[in-house]
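# Inside the fold
This is what each chain is made of:
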Amino acid sequence: MTQTAEQQKHTSTGQDVLVVDGLVRRFGDLTAVADVSFRIAPGETYGLLGPNGAGKTTTISMIAGLLEADEGSVTVVGQPMGPTKVAPKRHLGLVPQDLAIYPDLSARENLTFFGRLQGLSGGGLRARVAEVLELTGLTDRAKGPTKEFSGGMKRRLNIGIGLLHQPTLLILDEPTVGVDPQSRNAILESVENLSGEGMAVLYTTHYMEEAERLCDRIGIIDSGTLQAEGTRDELIRLIGGVDNIQLTAAGDTEAAAEALRALPPVARVDADRGRLQLTVHDAPTAVAQIVTTATASGLQLSDVQISRPNLESVFLHLTGKALRD
Amino acid sequence: MGQLITLLRTDLVQRLRDKSVIIFAVIVPMALMGAMNLVMGDAMDMELETATVAVSAPEGDQLAAALVQSLPEIGLDVEVTETGAKDVQARAESGDARLALVIPDGFSAALMAGEPVEVTAIRGDGAGLESSVVLAVVQGFLDRAGASAVATAAGAALGLPPAQLGGLAQQVATGDSAITLVSGETSDEQLDPKGALVAGQAGLFLMFTVSFGVLGLLAERELGTLSRLRSMPMNPVLVVLSKVLSSFVLGVVATSILLTAGGLLFGVDFGSPVPVAALIVCAVIATTSLTFIVIKLAKTSEQASIIQTILAMVLGIAGGAFFPMSGGGLLGTILDLNPVAAMIRGLGITSGGGGLGDIVTPVLIMLGFAAVALLIARVVPDRGAMA
Ligand SMILES: Nc1ncnc2c1ncn2[C@@H]1O[C@H](COP(=O)(O)OP(=O)(O)OP(=O)(O)O)[C@@H](O)[C@H]1O
Ligand SMILES: [Mg+2]
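Calculation rules
- Residues numbered from 1 in each chain as written.
- Chains lettered and ligands numbered in written order.
- Predicted model: local features only at pLDDT ≥ 70, side-chain atom pairs only at ≥ 80, totals over all residues.
- Heavy atoms only, no water.
- Helix = DSSP H or I, 4+ residues; strand = E, 2+ residues; numbered from the N terminus.
- Contact = heavy atoms within 4.5 Å.
- Areas by Shrake-Rupley, 256 points an atom, 1.4 Å probe, with all protein chains shown as cover.
- Phe/Tyr/Trp six-rings, centres within 6.5 Å; stacked < 30°, edge-to-face > 60°.
- Buried < 20%, exposed > 50% of the residue type's maximum accessible area, 1.4 Å probe, protein only.
- Donors = N, O, S within 2.8 Å, 3.2 Å for Na, K, Ca; no water.
- Buried area = accessible area lost by both parts, 1.4 Å probe.
- Salt bridge = Lys/Arg side-chain N within 4 Å of Asp/Glu carboxyl O.
- Near = heavy atom within 4 Å.
- Polar contact = N/O pair within 3.5 Å; in protein donor to acceptor, adjacent residues only side chain to side chain.
- Nonpolar A, V, L, I, M, F, W, Y, C, P; charged D, E, K, R; others polar.
- Pairing = 2+ DSSP bridges.
- Axes fitted to C-alpha atoms, helices over the stretch in contact; angles between N-to-C directions.
- Parallel < 35°, antiparallel > 145°, perpendicular 65-115°, else oblique.
- Left-handed = near helix turned anticlockwise from the far one by under 90°.
- Domains from an automatic or database assignment.

### Things to note about the overall build of chain B
Scanning chain B from N- to C-terminus turns up 16 helices and five strands. Restricting to contacts in chain B with at least 6 residues of sequence separation, those with at least 24 account for 79%. Just so you have it, chain B exposes about 17,400 Å², and 63% of that area is on carbon and sulfur atoms.

Set out below in structure tokens:
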């Protein structure tokens with residue numbers, strides 16, 4: 001969560017890029033999505049974080065107009081979305097979870113084909129195709145059939161097609177699954193860049209590190225329900241989030257504990273034979289003061305460890321289960 | 001419109017890059033035509049045997065002349081030699097003619113008076129099916145002339161046993177022959193066996209060729225590109241439409257190639273290009289319309305392949321792709337309403353010189369078939385690719 005995004009969210013006077021209101025979708029007896037609502041402001045990156053089968057793809061399918069919602073509505077740049085709607089789809093770029101490229105066509109042909117369907121043509125289309133090939137690092141491989149691509153190259157092309165027409169809202173459904181760490185980092189970087197250029201992004205993942213790194217706001221979804229929503233810090237505060245600092249030391253731990261309890265950021269100290277457990281607010285800023293105080297009270301520190309609650313702990317707290325099994 | 005063209009072009013490019021279309025739509029049927037031609041070649045040639053007929057007719061007898069003239073027009077290859085009564089018998093004995101006919105003096109007068117007329121028929125050595133057909137036509141002519149005519153077979157000179165003679169006489173007399181009387185009109189509409197082979201295989205494989213469109217749609221689903229297409233700013237119907245159009249284009253091109261190449265290889269002339277083109281287009285419309293039903297039913301490309309293969313075999317075989325099929329009553333009507341059969345029949349008409357006006361019936365059958373298929377496709381619940 002960056003300060004600017006927070007401001008953006010709250011000061012945004014413009015229309016929201018996406019309004020999702022009370023979405024429900026059932027498959028037979030199974031309710032895949034049960035009452036999901038959220039909004040995305042222009043330029044905002046919103047993360048849907050949830051485990052396998054949580055309903056992320058189903059939600060996105062309704063947002064992108066691939067699937068009819070049983071209840072609720074989706075509004076994209078002020079226009080109601082649905083499978084037969086045309087106008088709102090112009091504002092969307094979809095990067096489906098599963099690869100959606102033609103194996104017998106080259107990268108350039110794939111891009112050109114989808115670009116035409118998006119309404120690009122002529123020199124504008126050619127220029128965008130070249131840009132996206134460059135962006136995805138596929139310029140050298142633009143000509144061969146994509147069935148000869150490596151998995152990572154296919155993924156990059158899959159993403160490139162989604163942003164070809166510079167959509168107002170880019171939807172990425174778990175774009176880094178099955179990608180090596182290097183490509184993964186490249187993907188995350190390009191999402192950050194796009195967001196920096198003002199594109200709104202809806203990003204689903206079950207990797208909490210990705211959600212933390214990319215997203216201005218995060219919706220935690222499980223069993224088709226949005227369990228909680230907010231910035232990373234808001235979510236952590238939601239579960240009464242406080243940080244932990246663990247000191248390993250020789251010396252009079254009891255006396256040091258006494259001195260540390262007097263510090264304002266410190267909520268609680270437990271001393272236990274050469275080890276001190278501190279519960280503090282905002283560990284990164286408090287740690288220096290804590291170390292100074294401990295040393296001053298005669299402790300010889302051999303180790304300092306900071307642990308902060310993350311979205312994983314939030315998820316565990318909300319659902320009683322781990323994000324990934 | 002621009003989007004539809006974009007979709008169609010990409011569909012066609014992909015179908016062509018994936019060689020299976022070319023193999024299934026053109027190469028396999030051509031190979032099959034060649035193989036079947038080799039296997040059935042002899043049988044075909046036997047059927048094509050020329051009926052050599054020697055006739056003696058009274059000078060200046062109008063009806064006799066008309067009868068003689070009608071013989072070469074019965075649809076078989078008939079070689080008629082007119083000569084004197086004595087020579088006729090000699091020709092039959094020597095085997096120069098397989099059938100000899102002696103039309104008596106006063107033939108016209110007797111017929112018009114309603115008196116019995118005896119036309120003498122002599123079957124020579126090796127007289128086969130074609131001679132029987134000629135005899136039946138003679139009988140038919142006599143019947144049409146309104147006389148209670150009796151034809152007597154006098155083959156004693158050739159050493160035919162009396163029982164057979166009697167049978168032949170009766171057969172000719174009553175017209176109750178073992179073989180079906182082929183009227184001049186119908187035989188004009190029939191393709192020769194090689195033409196039927198080429199047309200039949202083209203019709204059968206058309207069913208397979210058009211199935212590539214539906215398979216393309218299911219492939220899109222399996223590739224995941226269908227989701228992406230449906231997220232594009234266009235009417236989702238365009239996706240299906242493009243698949244159907246690509247089936248149509250492939251069907252027209254493949255059938256045109258098969259009929260042209262098959263015609264050249266086997267020496268078949270299907271007639272003038274415009275009505276033949278009309279038949280091809282209608283046949284492709286009819287078979288393509290079936291794919292709308294398959295789109296609704298098939299969930300996977302395997303299912304689609306199976307459904308299409310069943311349809312192709314049923315319609316292809318019933319339509320006479322391998323051997324001529326015929327039947328009476330309801331069955332006959334059902335067989336007649338088959339688009340493959342209608343196309344073969346239509347090509348028979350065009351090969352006999354028929355123009356656009358003559359192929360109205362097969363054209364209507366094929367378009368009607370398409371209309372019914374589309375209607376069924378509308379009511380079938382969507383369980384397939386687009387569900
Ligand atoms: N077409 C469908 N028919 C029946 N059930 C479905 C269908 N699509 C999804 N589901 C079910 O709906 C639930 C939510 O699926 P969904 O794909 O939305 O989950 P997800 O959050 O995207 O999971 P993942 O992280 O594995 O992609 C799952 O239980 C899934 O089995
Ligand atoms: Mg998913």
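### Considering the packing of aromatic side chains
The relation between two aromatic rings is expressed through the spacing of the ring centres and the mutual angle of the planes. All names here are of chain A. Here the structure, examined in full by the defined rule, presents five aromatic pairs over all chains. Taking 5.5 Å as the distance between ring centres and 75 degrees as the angle between the ring planes, the aromatic pair formed by Tyr 102 and Phe 113 counts as edge-to-face. Of this pair, Tyr 102 sits in the loop between strand 6 (92-95) and helix 3 (107-117) while Phe 113 sits in helix 3, placing them 11 residues apart in sequence. Comparing Tyr 102 with Phe 113, the two get one shared label, buried. Summarising the aromatic geometry, the rings of Tyr 102 and Phe 114 are spaced 5.8 Å apart at their centres and angled 10 degrees between planes, so their arrangement reads as stacked. Taken together, the positions of Tyr 102 in the loop between strand 6 and helix 3 and Phe 114 in helix 3 put the pair 12 residues apart, joining distant regions of the chain. The pair formed by Tyr 102 and Phe 114 is uniform in burial state, with each residue classed as buried.

### What about the coordination of the magnesium ion (ligand 2)?
All names here are of chain A. Only Thr 57 (OG1) and Gln 97 (OE1) from the protein coordinate the magnesium ion (ligand 2), and they sit 1.8 to 2.1 Å from it. Of the two residues, Thr 57 sits in helix 2 (residues 56-63) while Gln 97 sits in the loop between strand 6 and helix 3, which places them 40 residues apart along the sequence. Since its relative accessible area comes to 31%, Thr 57 is described here as partly exposed. Accessibility expressed as a relative area gives 25% for Gln 97, which makes it partly exposed.

### Here's the deal with unusual backbone geometry
Residues and elements named next belong to chain A. With a phi close to 50 degrees, Ser 223 is a non-glycine residue in the positive phi region. Residue placement: Ser 223 occurs in the loop between strand 9 (217-222) and strand 10 (225-230). Despite not being glycine, Asp 282 shows a phi value in the positive range, around 55 degrees.

### Remarks on the interface of chain A and chain B
Taken together, the contact pairs 28 residues of chain A with 23 residues of chain B. Here chain A packs against chain B, burying approximately 2,200 Å² in sum over the two surfaces, 62% of which is carbon and sulfur. When the area that chain A buries against chain B is broken down by residue, the three leading residues are Leu 66, Tyr 102 and Leu 117 of chain A, summing to 28%. At the boundary of chain A with chain B, the tally comes to one salt bridge.

### Side note on the site of ligand 1
Residue and element names in this part refer to chain A. Every one of the 13 residues lining ligand 1 counts as a neighbour, but Gly 53, Lys 56, Thr 57, Thr 58 and Glu 174 are closest to it. Lys 56 is positioned with one of its backbone polar atoms (N or O) 2.8 Å from an oxygen atom of ligand 1. In the complex, the protein chains occlude 61% of the 630 Å² of accessible area that ligand 1 would expose alone. Those elements that place two or more of their residues in the shell around ligand 1 are strand 2 (30-40) and helix 2. Tallying contributions element by element places helix 2 first for the shell around ligand 1, with three residues. Residues of the shell around ligand 1, tallied by class, amount to five nonpolar, six polar and two charged.

### Thoughts on the pairing of strand 12 (residues 266-272) of chain A
All names here are of chain A. Where strand 12 meets strand 13 (residues 275-280), six bridges bridge the pair, whose relative direction is antiparallel. If you follow Ala 271 over to strand 13, its bridge partner there is Leu 276. A loop of two residues connects strand 12 with strand 13, the two strands running antiparallel in sequence, and Arg 273 in this loop sits at a positive phi of about 30 degrees.

### Overview of the packing of helix 3 of chain A against helix 5 (residues 151-163) of chain A
Helix-helix packing is characterised by the crossing angle of the two axes and by the distance between the axes. Residues and elements named next belong to chain A. Two numbers describe how helix 3 lies on helix 5: the axes approach to 9 Å, and their chain directions differ by 25 degrees. Classified by the angle their axes make, helix 3 and helix 5 are roughly parallel. As for how helix 3 packs across helix 5, the hand of that crossing is right-handed. On helix 5, the residues that touch Ala 107, Asn 110, Leu 111 and Phe 114 of helix 3 are Leu 157, Gly 160 and Ile 161. In the contact of helix 3 with helix 5, the residues fall into five nonpolar, two polar and no charged.

### Some thoughts on the domain arrangement of chain A
Along its sequence, chain A is organised into domain 1 (5-237) and domain 2 (243-308). Relative to domain 2 of chain A, the C-alpha centre of domain 1 of chain A lies at a distance of 44 Å.

### Section: the sheet that holds strand 7 (residues 169-173) of chain A
Residue and element names in this part refer to chain A. Here six strands make up an open sheet; going across it, the order is 6-7-8-3-9-10 and the pairing mixed. Two strands close off the open sheet at either side, each with one partner strand: strand 6 and strand 10. Direction aside, neighbouring strands of the sheet carry axes that sit 15 degrees apart on average. Here five bridges tie strand 7 to strand 8 (residues 200-205), and the two strands are oriented parallel to one another. Within the sheet, the bridge partner assigned to Leu 172 lies in strand 8 and is Tyr 203.

### Details of the pattern of salt bridges
Residue and element names in this part refer to chain A. By the definition in use, this model includes 18 salt bridges over all chains. We note a salt bridge from Arg 26 to Glu 71, for which the minimum N-O separation is 2.7 Å. With Arg 26 in strand 1 (residues 18-27) and Glu 71 in strand 4 (residues 71-76), this pair connects stretches of sequence that are 45 residues apart. Since its relative accessible area comes to 36%, Arg 26 is described here as partly exposed. Here Arg 232 and Asp 233 are joined by a salt bridge, their closest N and O atoms 2.8 Å apart.

### A short note on the sheet that holds strand 2 of chain A
Residue and element names in this part refer to chain A. An order of 2-1-4-5 is seen for the four strands of this open sheet, with the pairing classed as antiparallel. Where the open sheet ends on each side, the last strands, each with one partner, are strand 2 and strand 5 (79-80). Taken together, the five bridges between strand 1 and strand 4 define a ladder with antiparallel strand orientation. Within strand 4, the position partnered with Leu 18 by the bridge is Val 76. Relative to the sheet, helix 2 contacts strand 1, strand 2 and strand 4, its axis offset from that of strand 1 by approximately 120 degrees.

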